[in-house]
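# Chains, contacts and geometry: an overview
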Amino acid sequence: QVQLVESGGGLVQPGGSLRLSCVASGSIFSISVMGWYRQAPGKQRELVATCASGGRTNYADSVKGRFTISRDNAKNTDTVYLQMNSLKPEDTAVYYCNVVPIIGYDYWGQGTQVTVSS
């Protein structure tokens, strides 16, 4: 089992920055990929960025050059960050942390709201 705790959402003006964090604990040895997805009102959940255990990253075209995903693996936790710069109103959504284990089902965080508005 993996437990996830997200933080870092909020309200920011266009052009501003936010940093999301997701701390994974429990069976972190089983984690293969950590990433972020988002869901805006009336839209389907979409991939934002992922980071594999080997360090390979993947980004949605809409966030390339503005968002940066990174991971920090400590003794008992594995944390994934999403640094979001040059935020746009269309980035407004609930952001979900996602963990893909080596085997078994994905884990999802509780979601954190990001609102970009003047």
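Refer to the structure above for everything that follows.
Before going into details, it helps to say that this report is about the structure given with it. (Residues numbered from 1 in each chain as written. Predicted model: local features only at pLDDT ≥ 70, side-chain atom pairs only at ≥ 80, totals over all residues. Heavy atoms only, no water.)

### Quick notes on the overall build of the protein chain
- Helix and strand content of the protein chain: 0 helices and 11 strands.
- For the protein chain, the C-alpha radius of gyration of 14 Å lies close to 13 Å, the compact-globule estimate for 118 residues.
- Each principal axis of the C-alpha distribution contributes one length, and for the protein chain these read about 40 × 25 × 20 Å.
- When the 118 residues of the protein chain are sorted by exposure, 42% land in the buried category.
- Here the contacts in the protein chain between residues at least 6 apart in sequence split such that 54% fall between residues at least 24 apart.
- Surface summary for the protein chain: the accessible area is close to 6400 Å², and the carbon and sulfur share equals 49%.
- Measuring between centres, the 10 positive side-chain charges of the protein chain sit 2 Å from its 8 negative side-chain charges. (Helix = DSSP H or I, 4+ residues; strand = E, 2+ residues; numbered from the N terminus. Rg over C-alpha atoms; globule rule 2.2 N^0.38 Å. Buried < 20%, exposed > 50% of the residue type's maximum accessible area, 1.4 Å probe, protein only. Contact = heavy atoms within 4.5 Å. Areas by Shrake-Rupley, 256 points an atom, 1.4 Å probe, with all protein chains shown as cover. Lys, Arg positive; Asp, Glu negative; His and termini not counted. Charge placed at Lys NZ, Arg CZ, Asp CG, Glu CD.)

### Observations concerning the sheet that holds strand β8 (residues 77–84)
- Ordered by their spatial adjacency, 4 strands build an open sheet running β1-β3-β8-β7, and the pairing between neighbours is antiparallel. Edge strands, defined here as strands with exactly one partner in the open sheet, are β1 (2–7) and β7 (67–73). Averaged over all neighbouring strand pairs, the angle between strand axes comes to 15 degrees, with direction disregarded.
- Bridge count for strand β3 (residues 18–26) against β8 is 8 bridges, and the pairing is antiparallel. (Pairing = 2+ DSSP bridges. Axes fitted to C-alpha atoms, helices over the stretch in contact; angles between N-to-C directions.)

### A short note on the nonpolar core
- One finds Trp36, Val48, Phe67, Ile69, Leu82, Met84 and Tyr95 to be the most contacted residues of the largest nonpolar core, which totals 30 residues.
- Among the secondary structure elements, those contributing two or more residues to this core are β1, β3, β4 (31–39), β5 (46–52), β7, β8, β9 (93–101) and β11 (112–116).
- Ignoring any residue separated from it by four or fewer positions in sequence, one finds Phe67 in contact with Arg38, Val48, Tyr59, Leu82, Gln83, Met84, Asn85, Leu87, Asp91 and Tyr95. (Core = buried A, V, L, I, M, F, W, Y, C linked by side-chain atoms within 4.5 Å.)

### Let's talk about the state of the cysteines
- This model, assessed by the stated rule, comprises 1 disulfide.
- With its sulfur 2.1 Å from that of its partner, Cys22 forms a disulfide with Cys97. The S-S bond linking Cys22 to Cys97 shows a torsion near -80 degrees; that makes this disulfide left-handed. One end of the pair, Cys22, is in strand β3; the other, Cys97, is in strand β9, and 75 residues separate them in sequence.
- Note on Cys22: relative accessible area 0%, which makes it buried. (Disulfide = S-S within 2.5 Å.)

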